[in-house]
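Summary of structural features
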Amino acid sequence: MSLNLEAGLRSGAKALNLSLSDEQIQGLLDYMALIQKWTKVYNLTAVRDPADMLTHHLLDSLTAIAPLSRHTQGQPIKLLDVGSGGGLPGVVLAICMPELNVTCVDTVAKKAAFVQQVAVSLKLPNLRGIHARVESLTDPYQVICSRAFASLPDFVTWSRSALAEGGVWMAMKGKHPQDEIDALPADVKVFHVEPLTVPGLDVERCMVWMRSTAV
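Quick summary incoming for the structure in this document. Because the structure is a prediction, the values reported are computed rather than measured. (Residues numbered from 1 in each chain as written. Predicted model: local features only at pLDDT ≥ 70, side-chain atom pairs only at ≥ 80, totals over all residues. Heavy atoms only, no water.)

1. Here we look at the environment of Leu 58
Mapped onto the elements of the fold, Leu 58 is located in helix α3 (residues 50-62). Here the alpha-carbon distance between Leu 58 and Leu 80, two residues 22 residues apart in the chain, equals 18 Å. (Helix = DSSP H or I, 4+ residues; strand = E, 2+ residues; numbered from the N terminus.)

So this is what it looks like as structure tokens:
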């Protein structure tokens, strides 16, 4: 089974034009194994089948790598993953983009503890999980991301205090969320929406990039 998963992960990464090292591929597979192990006790995810986990979790999160890399240009930035749950996409980003300093925040203590365990188990010094409400965070992050977390207005409003000057929000969404975009605060502007294609999944996905125009 693990060979099938590895082959699926490698072909998915290739379809996304990602050149991942063998070490990164192994890290992603080890991460998936940890999710499966912990989910039996902590219910981290409703997706239990390994093949579904590969497409719905890993490959879905991997679609963020290329757009984020274009944005960061290899700079060592701080990224906050809001409502991260079991660390998606934050852990995937930390594995594939070691130059990032990734913090995953969740209001559920066991999910934050799981991310901390992943950081230790996979020896990821650039990853941490914190148990907190995002509204309480004031450390500045250059990129704040979320995946299937909340509406865009709620996402930017709750996480605004953690956005660095000149920082951006990166929201991974399903189909183009025009209603949510229309409901954004007046000082938050969408500057790019790009479609995402998840290998092996016939679903609509997009990434919405936003910035604050407040001085």
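So much for the structure itself; the text now carries on.
2. Some points on the pattern of salt bridges
For the structure shown, the criterion picks out eight salt bridges. One salt bridge connects Asp 60 with Arg 205, and the closest N-O pair in it is separated by 2.6 Å. Linking Asp 60 in helix α3 with Arg 205 in strand β7 (residues 205-212), this pair joins segments that are 145 residues apart in sequence. One salt bridge in this structure joins Glu 135 and Arg 133, with 3.5 Å as the shortest N-O distance. (Salt bridge = Lys/Arg side-chain N within 4 Å of Asp/Glu carboxyl O.)

3. Overview of the nonpolar core
If you look at soluble globular proteins, the nonpolar side chains tend to sit buried side by side. Formed by 52 residues in total, the largest nonpolar core has its most connected members in Tyr 31, Leu 62 and Leu 127. Residue contributions to this core peak at eight residues, all from helix α2 (residues 22-42). Ala 132, Trp 169, Ile 181 and Cys 206 belong to the second largest nonpolar core, which has 22 residues in total. (Core = buried A, V, L, I, M, F, W, Y, C linked by side-chain atoms within 4.5 Å. Buried < 20%, exposed > 50% of the residue type's maximum accessible area, 1.4 Å probe, protein only.)

4. Remarks on the side chain of Arg 147
Along the polypeptide, Arg 147 turns up in strand β4 (residues 141-147). There is a polar contact of 2.5 Å between the side chain of Arg 147 and the backbone oxygen of His 56. Setting aside its immediate chain neighbours within four residues, Arg 147 contacts His 56, His 57, Asp 60, Ser 61, Leu 88, Pro 89 and Met 172. (Polar contact = N/O pair within 3.5 Å; in protein donor to acceptor, adjacent residues only side chain to side chain. Contact = heavy atoms within 4.5 Å.)

5. Details of the packing of aromatic side chains
Across all of its chains, the model carries five aromatic pairs by this definition. Aromatic side chains Phe 149 and Phe 155 sit 6.3 Å apart centroid to centroid with 80 degrees between the ring planes, which places their arrangement in the edge-to-face category. Note on Phe 149: relative accessible area 29%, which makes it partly exposed. When its relative accessible area of 1% is taken as the criterion, Phe 155 is described as buried. An aromatic cluster is defined as three or more aromatic residues linked by ring pairs; in this entry it consists of Tyr 31, Trp 38 and Phe 114. Above the ring of Tyr 141, the side-chain terminus of Lys 78 is found at 4.8 Å from the ring centroid. For the cation-ring pair, Arg 211 lies above Phe 191, with the distance from its terminal atom to the ring centre recorded as 3.9 Å. (Phe/Tyr/Trp six-rings, centres within 6.5 Å; stacked < 30°, edge-to-face > 60°. Lys NZ or Arg CZ within 6 Å of the ring centre and 35° of its normal.)

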